[in-house]
Amino acid sequence: MPQLQAFRRKWAIGSDDFVYPGLGEIFLRIIWLVVVSVIFHLHKDAFNCKGGDLLHAYFVGLLTLLVVSILMASVVVYLSMQGTITNQWPRRKITIPLYIKVAICLPELAWNIMGTYWSFGISSGCEVPVVLTVKAVVLTGWVIGIIVLVGLGIVFDPLGAIHGSSTASKEQAQRLWQTRCKILCCCVGCDEKSIAAFNGIAEIVSNFFEGVDLVPTDIACGLILVHRIQKNEQHRLKSVVVQTRDLQRPDTHTNSIPSSSSYPAPKHWMTVPLMCHYMKFAMASYGWPLYVFTHLLTGACRLWPQCRCCTCTKSHGDVTNDNCCLCNTASIHKTTGTYPDDIVYASFHNKIYEIPFFVSIDRKHNAVVVAVRGTLSLKDVITDLTAECDSLDIEDLEDCKAHRGILQAAKYVQETLDKHRILENAFDIAQEGAQLVITGHSLGAGSASLLAILLKPKYPDLICFAFSPSGGLMSLHASEYCRDFVCSVVLGRDIIPRLGIHTMERLKAQLLRAVQASDMPKYQLLASGVWQMFCGLGEPSPPPSEETEVHTPLISDTHPTPSYARHQPDLQPKPIGVAAGIAERQREQRLLTHTWMYPPGHILQIIEASEKVSCCGEPDYEAVWSQPEEYKEVLVSPKMLSDHMPDAVMKALDQLMDRGILPTTQPIDGQIIV
């Protein structure tokens, strides 16, 4: 932060991003140097063979280039380790060794061509170890060259050479994202619906990154820092709760953490055993990919007996768009334990706003189940990212909004059900008194919740289980309306139920503030973050002292300029307040046009009972009922993605059921839920 400026343009990489790539290059070139030196010393007689003079020149030049490259890489690594993310003044001369390294690439290319010509062209009759060594060296050189070219393509910023007004830059950014989205048309089609979705996504993404001079590693470091701040805040609130409880009389009980006791009590059917049961249907909607993923060693063998590879058509009875072996249908039977005749309808058709689902008879609980699949394809991602609001028609409620892409997907499922009279046929097959149950995970959970609202007038007794639903799904009135018939389940710090336009803007503000205030080098932050991600043992930042306060506003109107930059205007980090005031006001105006969106219905939050979990251990879970308003902030955590996986949700629910854990309406031992 900011972007590296070299060759008269900006690049999507920072001047402090060369530490680990440089160390990797140094390690590889040292091995390279040792091997070549040993071969050069032990096989001096090899230069007497055909092309020996060329081989000798190649070895001498290669050794020289390796030594010079190692020295330059060492200089780059040393300079890249200096300063902090925003303090790039100590790294101001890093472009000099970078230019030298680029200049060295030309003789390296020439020497690689020379080595290729000798080893693959005129090396016949020479010593085999020498020939093999040269071949290995030149092949490695070509592979590294390809990797470097790919890396340059990744860090190349098409807007890096643009100089002009902010309006021009914004227009260029929108056109760039539209172009990137049009490239995706090759994979998902170029119909009118797709193009409209791409244009909407391009506008959202370009607005989100407007005025942000960050590279990907800056964002990673910002997430690490925000996680530490949130963790310190959690510890502080825990201590406040404990101290408050200690000061209370035994016959009184208050809690500084908002509870859900003022909300209506959950319905009698919102039980962990039923959640476990219908989570299996939600997982089954993903078909064979998830089944094989959750049974890595035995999944294919388990499915094979039920797959019908003799079937030559894409459709079989009421199953449409399955593969020729009907593996998706077979995985539904294996996951849910239903019989083949229990599946009334299954569609694996997948386009933008059109998602797979199946309808099955649940004979165990006498229900008709509609299970909607979550995100599994690029088309589903486009549906997820179409995050603008559309009106949601609910009787006796005004101004209800819903996620545009997910609402379109729910309407597609409703239209398909009505067109083929699927539910009517299902209730004819089921026993008398059967109940309609709608379920899904992730995108499927959001679609299931909105589908439940759409079908509620026709099926007043329906219920819905939404596992890990989208956070920016519906307005608060809609969420409160459906809490009598929708039960959501959220695991840990899952990011998806907390994701929305408002929460992302808030996260961006937190991230910028944390990066601006950090005094740690980027390579140290990344190392600690990777360690914590894999083992969960990262050291949190120290508790706030009198001099340091983490509860300062995320965006302040006055932000001091660091002393190193006061006399270097080009190296000053962009302040979050004064210099970015105009952009911030524009952001606030955009947010005024967007409704706050929430997860649906009653929400069961599954939390870890203890933070101390071994590297490979399984945490113990507890469960509390939480409120939709508590999901207005993204909780940064190494598990914020893994907690969203359907198999992780299934394991947590199974553990709750095995241990007989009952959900409570109060946080446990001062546990901070959100």
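Owing to the predicted nature of the structure, the values given are computational and were not obtained by experimental measurement.

### Let's talk about helix α4 (residues 128-155)
Compared with an ideal rise of 1.5 Å per residue, which puts 28 residues at 40 Å, α4 spans 40 Å between its outermost C-alpha atoms and is within 8% of the ideal. Among the residues making up α4, those that are buried are Val130, Val131, Thr133, Val134, Val137, Val138, Gly141 and Val155. Those residues of α4 that are buried are in contact with β2 (9-11), α1 (19-42), α2 (52-80) and α3 (95-121).

### With respect to the side chain of Asp494
Its location among the elements puts Asp494 in the loop between β11 (486-491) and α17 (501-517). Buried Asp494, no salt bridge; nearest opposite-charge side chain is Arg498, N-O distance 6.1 Å. Among the polar contacts made by the side chain of Asp494, one reaches the main-chain amide nitrogen of Ile496 at a distance of 3.1 Å.

### Focus: unusual backbone geometry
Here Tyr353, not a glycine, exhibits a phi torsion of approximately 70°, which is positive. Take Tyr353: it is sitting in the loop between β4 (343-347) and β5 (357-362). With a phi angle near 55°, Ser468 is a residue other than glycine that sits in the positive phi range. Summarising the element assignment, Ser468 is placed in the loop between β10 (463-467) and α16 (476-481). Under the relative-accessibility criterion, Ser468 is labelled buried at 0%.

### Here we look at a nonpolar patch on the surface
On the surface, a nonpolar cluster with roughly 480 Å² of combined accessible area is contributed by Leu109, Ile113, Phe120, Leu139 and Trp142. When contributions to the nonpolar patch are tallied by element, the ones reaching two or more residues are α3 and α4. Sorting elements by how many residues they give to the nonpolar patch places α3 first, with three residues. With respect to the helices and strands, Leu109 occurs in helix α3. With a relative accessible area of 40%, Leu109 lands in the partly exposed category.

### Here's the deal with α17
Compared with the 24 Å implied by 1.5 Å per residue over 17 residues, the 25 Å span of α17 between its first and last C-alpha is a close match. Of all 17 residues making up α17, 13 are buried, and the element is well covered by its neighbours.

### Quick notes on the side chain of His644
Within the fold, His644 resides in the loop between β13 (621-626) and α20 (646-659). If we ignore the near neighbours within four places in the chain, the residues touching His644 are His441, Ser442, Ser468, Asp494 and Ile496.

### Considerations on the sheet that holds strand β12 (residues 602-608)
Here we have nine strands laid out as an open sheet, ordered β3-β4-β5-β6-β9-β10-β11-β12-β13, and mixed in their pairing. Each edge of the sheet is formed by a strand with only one pairing partner; in this case those strands are β3 (319-320) and β13. Its contacts with the sheet put α20 on β9 (435-441), β10, β11, β12 and β13, and the angle it makes with β13 is roughly 100°.

### Digging into the confidence of the model for the chain
Considering every residue of the chain, the mean pLDDT works out to 80; 77% of them sit at 70 or more. Taken element by element, the predicted model of the chain shows its lowest mean pLDDT in helix α19 (residues 581-592) (58) and its highest in β10 (97). Scored below 50 in pLDDT, residues 164-168 shows one contact in the model against residues more than four places distant or in partner chains. When the criterion is pLDDT under 50, residues 249-261 qualifies, and its contacts beyond four places in sequence or with other chains add up to 24 contacts.

### With respect to the packing of helix α8 (residues 272-284) against helix α11 (residues 327-336)
The N-to-C vectors of α8 and α11 enclose an angle of 165°; their axes lie 9 Å apart at closest approach. Taken together, the axis directions place α8 and α11 in an arrangement best described as roughly antiparallel. The two elements α8 and α11 cross, and the hand of that crossing is right-handed. Along the contact surface, α8 presents Lys280, Phe281, Met283 and Ala284, while α11 presents Ser331, Ile332, Thr335 and Thr336. Among the residues making up the contact of α8 with α11, the classes are represented as four nonpolar, three polar and one charged.

### As for the packing of aromatic side chains
Tallied over the entire structure, the rule returns 11 aromatic pairs. Their ring planes at 80° and their centres at 6.0 Å tell us that Tyr58 and Phe59 sit as a pair that is edge-to-face. Phe59 shares its class with Tyr58; the two are buried. Each ring, one from Phe465 and one from Phe467, has its centre 6.3 Å from the other, and the planes form 15°; the classification is stacked. Accessibility assignment for this pair places Phe465 and Phe467 in one class, buried. Site record: aromatic cluster; members linked through ring pairs are Trp269, Tyr278, Phe281, Phe465 and Phe467. The ring of Trp89 has Arg92 lying over it, and the distance from NZ or CZ to the ring centre is 3.8 Å.

### Description of the pairing of β11
When you tally the buried positions in β11, you get six out of six residues, the bulk of the element. As judged from the four bridges shared by β10 and β11, these two strands associate in the parallel manner. Each bridged residue has a counterpart across the sheet, and for Phe465 the counterpart in β11 is Cys487. Summarising the sheet, β11 and β12 pair through five bridges and their orientation is parallel. Bridging across to β12, Leu491 finds its partner in Ile606.

### Section: the nonpolar core
Of all hydrophobic cores here, the largest spans 44 residues; its most connected members are Val359, Leu392 and Leu450. Counting only elements with at least two residues in this core, the list comes to β4, β5, β6 (367-372), α13 (404-419), α14 (422-429), β9 and α15 (443-455). A total of eight residues in this core trace back to one element, the largest contributor, which is α15. Among residues more than four places away in sequence, those in contact with Val359 are Asp342, Ile343, Val344, Tyr345, Val368, Val369, Val370, Leu417, Ile422, Leu423 and Ala426. Among the nonpolar cores identified, the runner-up in size contains 43 residues, and Met275, Cys276, Val437 and Leu491 belong to it.

### A few points about the pairing of β6
For β6, the tally of buried residues reaches six of six residues, placing the bulk of the element in the interior. Because side chains alternate across β6, one face comprises the buried residues Ala367, Val369 and Ala371, and the other comprises Val368, Val370 and Val372, equally buried. Summarising the sheet, β5 and β6 pair through six bridges and their orientation is antiparallel. Bridge assignment links Asp362 to a residue of β6, and that residue is Ala367. The hairpin turn running from β5 into β6, its antiparallel successor, is four residues long, and Asn366 in that turn takes a positive phi close to 50°. Bridge count between β6 and β9: six bridges; the pairing is parallel. Residue pairing in the sheet places Ala367 in a bridge with Gln435 of β9.

### Observations concerning the packing of α13 against α15
Each pair of packed helices can be described by the angle between their axes along with the distance between the axes. As a packed pair, α13 and α15 sit with axes 8 Å apart at the nearest point and diverge in direction by 60°. As far as their axial angle goes, α15 and α13 are oblique. For the crossing formed where α13 meets α15, the hand is right-handed. Contacts between α13 and α15 involve Ile406, Leu407, Ala409, Ala410, Lys411, Val413, Gln414 and Leu417 from the first element and Leu443, Gly446, Ser447, Leu450, Leu451, Leu454 and Leu455 from the second. Residue composition of the contact of α13 with α15, grouped by class: 11 nonpolar, three polar and one charged.

Calculation criteria
- Starting afresh in each chain, residues are numbered from 1 along the sequence in its written order.
- Predicted model: local features are reported for residues with pLDDT of at least 70 only, side-chain atom pairs are reported and counted for 80 or more only, and whole-chain, interface and lining totals are derived from all residues.
- Think of the side-chain values as coming from all heavy atoms in the structure, minus any hydrogens and water.
- Counting from the N terminus, the helices are DSSP H or I runs at least four residues long and the strands are E runs at least two residues long.
- To estimate how far a helix should extend, the number of its residues minus one is multiplied by 1.5 Å.
- Remark: exposure states derive from per-residue accessible area (1.4 Å probe, protein chains only) relative to the maximum for the residue type, with buried under 20%, exposed over 50%, and partly exposed in between.
- Any two residues whose heavy atoms approach within 4.5 Å are treated as being in contact.
- Under the convention used here, Asp and Glu are negative, Lys and Arg are positive, and both His and the chain ends fall outside the count.
- Salt bridges are defined by distance alone: a side-chain nitrogen of Lys or Arg within 4 Å of a carboxyl oxygen of Asp or Glu.
- Under the rule applied, a polar contact is a pair of N or O atoms within 3.5 Å (in protein, one hydrogen donor and one hydrogen acceptor; residues adjacent in sequence only if both atoms are side-chain atoms).
- Patch building starts from residues that exceed 30% relative accessible area and form no salt bridge, then joins like charges within 9 Å and nonpolar side chains (Val, Leu, Ile, Met, Phe, Trp, Tyr) within 5 Å.
- All accessible-area figures derive from a Shrake-Rupley calculation using a 1.4 Å probe, and residue coverage is judged against the displayed protein chains alone.
- Strands qualify as paired when DSSP identifies two bridges or more between them.
- The axes are straight lines fitted to the C-alpha atoms, using for helices just the contacting stretch, and the angles between their N-to-C directions are given from 0 to 180°.
- The pLDDT value expresses, per residue, how confident the predictor is, ranging between 0 and 100.
- By definition in this entry, angles of less than 35 degrees are roughly parallel, angles greater than 145 are roughly antiparallel, angles of 65 to 115 are roughly perpendicular, and the rest are oblique.
- Crossings are classed by handedness, with left-handed meaning an anticlockwise turn of the near helix from the far one by less than a right angle and right-handed meaning a clockwise turn.
- Side-chain classes follow a simple rule in which Ala, Val, Leu, Ile, Met, Phe, Trp, Tyr, Cys and Pro form the nonpolar group, Asp, Glu, Lys and Arg form the charged group, and the remainder, Gly included, forms the polar group.
- Side-chain rings of Phe, Tyr and Trp, where Trp is taken by its six-membered ring, are said to pair if the distance between their centres is within 6.5 Å; with planes under 30 degrees apart they count as stacked, over 60 as edge-to-face, and otherwise as tilted.
- Comment: the charge-over-ring label is applied if NZ (Lys) or CZ (Arg) is within 6 Å of the ring centre and within 35 degrees of the ring normal.
- The definition of a nonpolar core used throughout is a set of buried Ala, Val, Leu, Ile, Met, Phe, Trp, Tyr and Cys residues joined through side-chain atoms within 4.5 Å.

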